[in-house]
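# Descriptive analysis of the structure
The chain contents come next:
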Amino acid sequence: MPNEFCQTLLAAPNLRIERIVSRGHFTEKDAWYDQAWDEWVMVLQGAARLTFKTAPALEMVAGDYALIPAHCLHRVEWTSPDQDTVWLAIHIGAAAANGA
């Protein structure tokens with residue numbers, strides 16, 4: 001799978017719910033997500049590591065979840081290369097519906 005698979009399950013004002021499938025995908029070295037909205041993520045299957053600019057990294061397996069506040073610099077350091085990592089991502093806030 002050359003790219004992550006992202007599927008919007010629901011979009012509404014101030015809310016977007018996505019299903020994301022990763023297999024060995026990660027954020028490029030020294031790149032950081034800086035989103036204008038809060039994001040709640042849960043690993044439904046597989047494993048991943050989230051890294052934060054100003055907080056300890058999170059090792060995540062199925063059932064683990066995290067709330068990433070708006071403008072919290074973060075990145076996906078690693079996802080399992082041997083199986084799909086399936087995420088549920090809930091984006092909350094004024095810019096969340098369109099991902100702007």
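Here, the structure is the one placed above.
Residues numbered from 1 in each chain as written. Predicted model: local features only at pLDDT ≥ 70, side-chain atom pairs only at ≥ 80, totals over all residues. Heavy atoms only, no water.

Assignment of secondary structure puts M42 in strand β3 (residues 38–45). We classify M42 as partly exposed; its relative accessible area is 21%. Counting along the chain gives 21 residues from M42 to G63, while the straight-line C-alpha distance between them is 6.5 Å. Residue contacts for M42: discarding those within four places in its chain leaves G63, D64, Y65, V86, W87 and L88. (Helix = DSSP H or I, 4+ residues; strand = E, 2+ residues; numbered from the N terminus. Buried < 20%, exposed > 50% of the residue type's maximum accessible area, 1.4 Å probe, protein only. Contact = heavy atoms within 4.5 Å.)

If you walk through the whole model with that rule in mind, you get four salt bridges. Linking D84 and R23 is a salt bridge whose minimum nitrogen-to-oxygen distance equals 2.9 Å. Remark: R23 occurs in the loop between β2 (15–22) and β3 and D84 occurs in the loop between β7 (74–79) and β8 (85–92); sequence separation between them is 61 residues. For E77, the salt bridge is made with R75, and the minimal N-O distance between the two is 2.9 Å. (Salt bridge = Lys/Arg side-chain N within 4 Å of Asp/Glu carboxyl O.)

Moving on: the nonpolar core. Of all hydrophobic cores here, the largest spans 13 residues; its most connected members are V41, L50, F52, M60, I68 and W87. Those elements giving two or more residues to this core turn out to be β3, β4 (47–52), β6 (65–68) and β8. Per-element accounting of this core gives the leading share, three residues, to β4. Not counting residues within four places of it along the chain, the set of residues in contact with I68 comprises W37, D38, E39, V41, L50, F52 and H74. (Core = buried A, V, L, I, M, F, W, Y, C linked by side-chain atoms within 4.5 Å.)

The subject of this paragraph is the state of the cysteines. The full count for this structure, using the stated rule, is zero disulfides. Here C6 stays unpaired: no disulfide links it, and the sulfur of C72, its closest cysteine neighbor, is 19 Å away. The class of C6 is partly exposed, set by a relative accessible area of 45%. (Disulfide = S-S within 2.5 Å.)

One open sheet holds the three strands; their spatial order is β5-β4-β7, and the pairing between them is antiparallel. If you trace the sheet from one side to the other, it starts and ends with β5 (58–61) and β7, each paired once. Across the sheet, the axes of successive neighbouring strands diverge by a mean angle of 25°, strand direction being ignored. The pairing of β4 with β7 spans five bridges and is classified as antiparallel. Bridging across to β7, L50 finds its partner in V76. (Pairing = 2+ DSSP bridges. Axes fitted to C-alpha atoms, helices over the stretch in contact; angles between N-to-C directions.)

Turning our eyes to something else, we now look at the packing of aromatic side chains. All chains considered together, the criterion is met by one aromatic pair. One residue, R75, lies across the ring of W32, its end atom 5.8 Å from the ring centre. (Phe/Tyr/Trp six-rings, centres within 6.5 Å; stacked < 30°, edge-to-face > 60°. Lys NZ or Arg CZ within 6 Å of the ring centre and 35° of its normal.)

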